[in-house]
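# Secondary and tertiary structure notes
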Amino acid sequence: MKKNIRIAIDGPAAAGKSTVAKKVADVLSYIYIDTGAMYRALTYKALKEGTDLHDGKALGKLLQETTIKLVPAEIGQKVLVNGEDVTEEIRYSNVTSHVSLVSQHREVREEMVQRQRELATEGGVVMDGRDIGTHVLPDAEVKIFLKASVEERALRRYKEQQSKGIETPLEKLKEEIALRDKLDSEREVSPLIKADDALEIDTTSMGIEDVSNLILNIVKERNEE
Ligand code: CDP
Ligand code: CDP
């Protein structure tokens, strides 16, 4: 029986990657690595420092000087940038609307990918993002590509924000998601794309439990091979 395998979960914004990845990691007692949070953390830092977001070299240099830590917390994970807790700030709309610009640069991606691979060396990880199955962990034992209609994904974000007392028009969320999908899918360096050997799951009409159980069954089968 195999142990400590690597599970890669990719897909577009609000497809349910982090919710499902966290659940799967919890059940298996694996580490969960939210690579989107790492790109968000750099974007937060760059906005704070006034770095030109079109300048890949400057962003690469900023990243070299920046430590990003994902620390398990009672609820989910804390994100620390040079020791500063930015868990909430990296979800603000200003970061969300600029993150795809920052993440398109080769200088940024090369360093992030290296850090992400180091975090996964021991195995026993669930890593979610855009390029995990294609680029970060091309040999991952389980690869999943989650998708859902843009209407459903916008509705999910809408409900999520409402539960936090934030009222953003549904149409605005849909536009933001569609734009980010486009930028992430069309960038030159490791774009958002399904790996040939990834299992695609359309979650449009599936609940969190169903998706998590499906993935857990796949992991179980893989472990028994
Ligand atoms: O949670 P949500 O789908 O809104 O996004 P996220 O996973 O936090 O990722 C934020 C952004 O980081 C994405 O829109 C991508 O631009 C970038 N990203 C990436 O380029 N590669 C990854 N492996 C993960 C995220
Ligand atoms: O990480 P990603 O951006 O792909 O999505 P997420 O943050 O995990 O999920 C976005 C929202 O959709 C969360 O509020 C989840 O609870 C919800 N969700 C859902 O309603 N049904 C699913 N099958 C998956 C997620």
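Going by what an unreviewed UniProt entry lists, the protein is known as Cytidylate kinase and is assigned to Scopulibacillus cellulosilyticus. Under the heading Sequence similarities (unreviewed entry), UniProt records this for the protein: "Belongs to the cytidylate kinase family. Type 1 subfamily." For the protein, the Subcellular location (unreviewed entry) comment in UniProt is given as "Cytoplasm".

This next bit is on the site of ligand 1. Near ligand 1 lie 20 residues; those nearest to it are R40, R109, D131, R180 and D184. Contacts to ligand 1 include R130, whose backbone N or O atom sits 3.1 Å from a nitrogen atom. A distance of 2.7 Å separates an oxygen atom of ligand 1 from a polar atom in the side chain of D184. With the chains in place, 97% of the 530 Å² that ligand 1 exposes on its own is no longer accessible. Counting residues per element, the shell around ligand 1 draws most heavily on helix α2 (residues 35-49), which supplies four residues. Of the residues that constitute the shell around ligand 1, the class distribution is five nonpolar, five polar and 10 charged.

In the vicinity of ligand 2 there are 14 residues, among which A14, K17, S18, T19 and E160 approach most closely. M206 places a main-chain nitrogen or oxygen 3.0 Å from a nitrogen atom of ligand 2. Burial of ligand 2 by the surrounding chains reaches 82%, relative to a free accessible area of 540 Å². At the level of elements, α1 (17-28) and α8 (150-163) are the ones that each hand at least two residues to the shell around ligand 2. Classifying every residue of the shell around ligand 2 gives six nonpolar, four polar and four charged.

Attention shifts here to the packing of α2 against helix α6 (residues 106-119). It is at 11 Å that the axes of α2 and α6 come closest, and there the two elements cross at 140 degrees. Here α6 runs oblique to α2, going by the angle between their axes. Note that α2 runs across α6; the crossing there is right-handed. Along its contact with α2, which presents T35, M38, Y39 and L42, the element α6 presents V108, R109, M112, R115, Q116 and L119. Classifying every residue of the contact of α2 with α6 gives six nonpolar, two polar and two charged.

Let us now look at empty space enclosed by the protein. A complete count under the given rule lists one cavity of 30 Å³ or more for this structure. Looking at the largest cavity, the residues that line it are A8, D10, G133, T134, K143, I144, F145, I193, K194, A195 and A198. Looking at the lining of the largest cavity, the elements with two or more residues in it are β1 (6-10), α7 (132-136) and β7 (142-147). At three residues, the largest contribution of residues to the lining of the largest cavity is made by β7. In terms of residue class, the lining of the largest cavity is built from six nonpolar, two polar and three charged.

What follows concerns the side chain of Q116. On the secondary structure map, Q116 appears in helix α6. Look at Q116 and you get buried, because its relative accessible area is 0%. Discounting chain neighbours no more than four positions away, the residues touching Q116 are T35, M38, Y39, M127 and V136.

Thresholds, definitions, all that
- Residues numbered from 1 in each chain as written.
- Chains lettered and ligands numbered in written order.
- Predicted model: local features only at pLDDT ≥ 70, side-chain atom pairs only at ≥ 80, totals over all residues.
- Heavy atoms only, no water.
- UniProt positions renumbered as here; feature names shortened; annotations may be inferred.
- Near = heavy atom within 4 Å.
- Polar contact = N/O pair within 3.5 Å; in protein donor to acceptor, adjacent residues only side chain to side chain.
- Areas by Shrake-Rupley, 256 points an atom, 1.4 Å probe, with all protein chains shown as cover.
- Helix = DSSP H or I, 4+ residues; strand = E, 2+ residues; numbered from the N terminus.
- Nonpolar A, V, L, I, M, F, W, Y, C, P; charged D, E, K, R; others polar.
- Axes fitted to C-alpha atoms, helices over the stretch in contact; angles between N-to-C directions.
- Parallel < 35°, antiparallel > 145°, perpendicular 65-115°, else oblique.
- Left-handed = near helix turned anticlockwise from the far one by under 90°.
- Contact = heavy atoms within 4.5 Å.
- 1 Å grid on protein atoms, 1.4 Å probe; cavity = no way out; pocket = protein on both sides within 12 Å on 5 of 7 lines; lining within 4 Å.
- Points joined across faces, edges and corners; volume = space filled by probe spheres on them.
- Buried < 20%, exposed > 50% of the residue type's maximum accessible area, 1.4 Å probe, protein only.

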